[in-house]
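Chain and residue survey
As a plain string of letters, each chain reads:
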Amino acid sequence: MGTLWFGGKIYTLEHENDTVEAVYTENGRIKKVGTESELTELFGKDITAQHDLRGNVMIPGFVDSHLHMIGHGEKLLRLDLSQAESAEKMKRLLLDKVKNTGADEWIIGEGWNENNFMDRKIFHCDELDEIAPDHPMMLTRVCRHAILANSTALDLAGITDETPDPEGGVIMRDNDGRATGYLLDRAQELVKNAMPEVSIDFLEKALSSSVDDLVSKGVTGGHSEDLNYYGGFTRTYETFINVINGTRKFRANLLVHHEVIDAMRKQGLGFADGTEYVELGAMKIFADGALGGRTALLSHPYNDSPDTSGVAIHSIEGLTALVREARSHDMPVAIHVIGDLALEYAIKAIEQYPAPYGLRDRLIHTQVIREDLLKRLNQLSVVLDIQPRFVASDFPWVMERLGEERMAWSFAWKTLLESGVPIAGGSDAPIEPVDPLLGIHAAVTRKRPNETHEGYYPEQKLSVFEAVTLFTGGSAYAIGREAERGKIKENFDADFTVLDRDIFMCDPDLILNTKAVMTVIDESVAYKKI
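Here is a short report on the structure shown in this document. Treat the numbers as computed from the prediction; the structure is a model and nothing was measured.

**What to know about the overall build of the chain**
Along the chain, the regular secondary structure elements total 18 helices and 24 strands. In summary, the chain has a C-alpha radius of gyration of 23 Å against a globular reference of 24 Å for 530 residues, a match within 12%. For the chain, the C-alpha atoms occupy an extent of roughly 80 × 55 × 55 Å along the three principal directions. Pairs at least 24 apart in sequence give 72% of the contacts found in the chain among residues at least 6 apart. Of the roughly 20,500 Å² that the chain leaves accessible, carbon and sulfur atoms contribute 46%. Once the 55 positive and 84 negative side-chain charges of the chain are each reduced to a mean point, those two points are 2 Å apart.

This is the structure we're talking about:
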């Protein structure tokens, strides 16, 4: 008993411009592609369902290679500060939130970005105290490598002016030596550990909201990093199992933060274990921070702040020890690297302890590289997880931060692609918008929506085919599923995204106006608007 999909343009992505007229699926797999009449003749008595695409365009299902699914749900449910274009607007949003929040409850905001403000203002805790004198407040920066906290939150966390910086983190201080409430990287955990534990109900609501939003944007799967938060491995993993249970379908590959590996093992679980829709992936390690807060680890100081080169979350010895630990569990690693020195540390560690045979390590972000490092990457079994949408959000300020000399090897997607290193595409939601079409547009145009120039470093533009492949075949390759996902091909999973426009043939700026009208996961329609 199977399903016939027909009535639209179907791109297989086996090769550029390859199309078929119809697809026949059975038991969640593609059995054959061809013409509508051919498939009807071959499988007529077995076709129990038919889906007319009504002139729309079908491609393999989008898969986000790096995001934080529960974090995306939190952003949907909580105060979203990401669209505040001035400090004044951010303050108004906070004041409105305080008015509608019960006494002593935490004020939690997501996604503020001072680079969107003309004056680049970062609030001091004294200012936050005026906004919320009776509530603890924690506001997460868009990069998720920094937070702002008011004095009440600092007090609950035990942070004073004399508190030393934790390893891998920074407590920012003003000229008088006072803690400002601006906490970078691992210093954030001091406040987060003082917050009340979120309920299981909230976690399930956040994840359900996230999955529903993802499928509405044509996303059939995601590689997510959540398991070290929200009360630990067990309750977070069980949230995924409970929410993505076959009734709500989605293909989730969960990175396992190194701090919860022991908890995973105590559950009798290991790499690639899980359910039909939820599987455990690589060990996640942070090597550095982010460019926005100047905590990405660079080999030379920041151009606009020569007193710092960033933050190493781990020493080279510590990072190498974590990679060695992953190998003891027969696991690949997924290492967050944004700066070139962080990338160098990661490469050294992987060179010393290569990926187990048949597996692939992942280097997430790889925004600043060097030519010598790219040559070494080509000798390793690694996949680069990039987020093309960062071009739209980080330019032009990142050019000031890095300086002209480094830009030739920064956000250099075309250079990476042409080098032969495998690449996957994601959003890093909730840091960036989760819609893959925004990432594809950024990869193709190298500019923000509504900008009219030729693009930032236009020689690094990707074709639409290259960009779409990042979010389909690239994501499949990253987790060793390239023989069953990422193409519309016989024996591949029946995961499809149906769009209302042919993005391969339209003006690139029209990609921004394109919508998913159907999302199919495991042969089941998870979302439909046609």
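**So, the nonpolar core**
Grouped together as the largest cluster of nonpolar side chains are 107 residues, with contacts concentrated most on Met 69, Ile 244, Phe 250, Leu 291 and Ile 335. Take this core: its biggest share by element is eight residues, from helix α11 (residues 340–352). Once residues within four sequence positions are removed from consideration, Ile 335 is found in contact with Ile 285, Ala 287, Leu 319, Val 323, Ala 346, Ile 350, Arg 362, Leu 363 and Ile 364.

**Structural notes on the sheet that holds strand β18 (residues 333–337)**
The eight strands lie next to each other as β8-β15-β16-β17-β18-β19-β20-β21, forming an open sheet whose pairing is parallel. Whereas interior strands pair on both sides, the edge strands pair on one side only; in this sheet they are β8 (62–67) and β21 (423–425). With strand direction ignored, the average angle separating the axes of adjacent strands in the sheet is 25°. Direction of pairing for strand β20 (residues 382–386) relative to β21: parallel, over a ladder of three bridges. Looking at β21, one finds that Ile 386 is bridged to Gly 425.

**Notes on the packing of aromatic side chains**
In the structure shown here, the tally under the stated rule is 10 aromatic pairs. Taking the centre distance of 4.2 Å and the plane angle of 10° together, the rings of Tyr 24 and Phe 43 count as stacked. Here Phe 43 lies in helix α1 (residues 36–43) and Tyr 24 lies in strand β4 (residues 22–26), a separation of 19 residues in the sequence. Of the two residues, Tyr 24 and Phe 43, both sit in the buried class. When the ring of Tyr 229 is compared with that of Tyr 230, the centres are 6.2 Å apart and the planes differ by 85°; the resulting orientation is edge-to-face. Take Tyr 229: its relative accessible area is 25%, and that puts it in the partly exposed class. What makes Tyr 230 buried here is its relative accessible area of 13%. Among the aromatic residues, those joined into a cluster by ring pairs are Phe 395, Phe 411, Trp 413, Tyr 456 and Tyr 457.

**Things to note about the pairing of strand β12 (residues 146–149)**
Going residue by residue along β12, you find Ala 146 and Leu 148 tucked away on one face and Ile 147 and Ala 149 tucked away on the opposite face as well. Here strand β11 (residues 137–141) runs beside β12; their pairing, made up of three bridges, is antiparallel. Within the sheet, the bridge partner assigned to Thr 140 lies in β12 and is Ile 147. Two successive antiparallel strands, β11 and β12, enclose a turn made up of four residues, where Arg 144 displays a positive phi of approximately 65°.

**Description of helix α17 (residues 436–445)**
Across the 10 residues of α17, 10 count as buried, placing the element largely inside the fold. Along α17, the residues that are buried comprise Pro 436, Leu 437, Leu 438, Gly 439, Ile 440, His 441, Ala 442, Ala 443, Val 444 and Thr 445. Check the buried side of α17 and you find it contacts β8, β15 (219–225), α13 (390–394), α18 (464–478) and β22 (496–499). Sitting at the amino-terminal end of α17 is Asp 435, which places a side-chain oxygen 3.0 Å from the backbone nitrogen of Leu 437. Count one or two residues on from α17 and you reach Arg 446, which has phi positive near 55°.

**Structural notes on helix α10 (residues 316–328)**
Taking 1.5 Å of rise per residue, the 13 residues of α10 would be expected to cover 18 Å, and the 19 Å separating its terminal C-alpha atoms lies within 8% of that figure. Taken together, the buried positions of α10 are Leu 319, Thr 320, Leu 322, Val 323, Ala 326 and Arg 327. One side of α10 carries all its buried residues, which in axial view fall inside an arc of 155°. For α10, the exposed residues set more than 90 degrees away from the buried face come down to Glu 317 and Ser 328. Tucked into the core, α10 has its buried residues touching β17 (278–286), β18, α11 and β19 (361–365). Taken from the residues just after α10, Asp 330 is the one with a positive phi, measuring 55°.

**Some points on the pattern of salt bridges**
Pairing is possible between side chains of opposite charge, provided their charged atoms come close. A complete count under the given rule lists 39 salt bridges for this structure. Asp 495 serves as the salt-bridge partner of Arg 251, at 2.6 Å between the closest nitrogen and oxygen. In this pair, Arg 251 is assigned in strand β16 (residues 251–257) and Asp 495 in the loop between α18 and β22, connecting sequence segments 244 residues apart. When sorted by exposure, Arg 251 lands in the same class as Asp 495, which is buried. One salt bridge connects Arg 376 with Glu 351, and the closest N-O pair in it is separated by 2.9 Å. A residue pair is termed long-range when its members are at least 10 positions apart, and Arg 376 in helix α12 (residues 371–377) and Glu 351 in helix α11 qualify at 25 residues.

**Focus on the packing of helix α2 (residues 69–77) against helix α7 (residues 200–216)**
The contact between α2 and α7 brings their axes to 7 Å, and the two run at 95°. Taken together, the axes of α2 and α7 lie roughly perpendicular to each other. Judged by residue contacts, Met 69, Ile 70, His 72, Gly 73, Glu 74, Leu 76 and Leu 77 of α2 engage Phe 202, Leu 203, Lys 205, Ala 206, Leu 207, Ser 209, Ser 210, Val 211, Asp 213 and Leu 214 from α7. Split into classes, the residues belonging to the contact of α2 with α7 amount to 10 nonpolar, four polar and three charged.

**Quick word on the side chain of Arg 406**
Secondary-structure assignment places Arg 406 in helix α15 (residues 404–407). Buried within the structure, Arg 406 lacks any salt-bridge partner; Asp 340 is the closest side chain of opposite charge, at an N-O distance of 5.4 Å. A polar contact is formed between the side chain of Arg 406 and the backbone oxygen of His 300, at a distance of 2.9 Å. Setting aside chain neighbours within four positions, we find Arg 406 in contact with Leu 298, His 300, Pro 301, Tyr 302, Asn 303, Val 368 and Arg 401.

**A closer look at the environment of Val 243**
Mapped onto the elements, Val 243 comes out in helix α8 (residues 233–243). For Val 243, a relative accessible area of 4% gives the class buried. C-alpha of Val 243 to C-alpha of Ser 208: the two residues are 35 residues apart in sequence and 6.3 Å apart in space. In contact with Val 243, not counting residues within four places along its chain, are Glu 204, Leu 207, Ser 208 and Arg 248.

Quick notes on the rules
- Residues numbered from 1 in each chain as written.
- Predicted model: local features only at pLDDT ≥ 70, side-chain atom pairs only at ≥ 80, totals over all residues.
- Heavy atoms only, no water.
- Helix = DSSP H or I, 4+ residues; strand = E, 2+ residues; numbered from the N terminus.
- Rg over C-alpha atoms; globule rule 2.2 N^0.38 Å.
- Contact = heavy atoms within 4.5 Å.
- Areas by Shrake-Rupley, 256 points an atom, 1.4 Å probe, with all protein chains shown as cover.
- Lys, Arg positive; Asp, Glu negative; His and termini not counted.
- Charge placed at Lys NZ, Arg CZ, Asp CG, Glu CD.
- Core = buried A, V, L, I, M, F, W, Y, C linked by side-chain atoms within 4.5 Å.
- Buried < 20%, exposed > 50% of the residue type's maximum accessible area, 1.4 Å probe, protein only.
- Pairing = 2+ DSSP bridges.
- Axes fitted to C-alpha atoms, helices over the stretch in contact; angles between N-to-C directions.
- Phe/Tyr/Trp six-rings, centres within 6.5 Å; stacked < 30°, edge-to-face > 60°.
- Polar contact = N/O pair within 3.5 Å; in protein donor to acceptor, adjacent residues only side chain to side chain.
- Expected span 1.5 Å × (residues − 1).
- Arc of directions from axis to C-beta.
- Salt bridge = Lys/Arg side-chain N within 4 Å of Asp/Glu carboxyl O.
- Parallel < 35°, antiparallel > 145°, perpendicular 65-115°, else oblique.
- Nonpolar A, V, L, I, M, F, W, Y, C, P; charged D, E, K, R; others polar.

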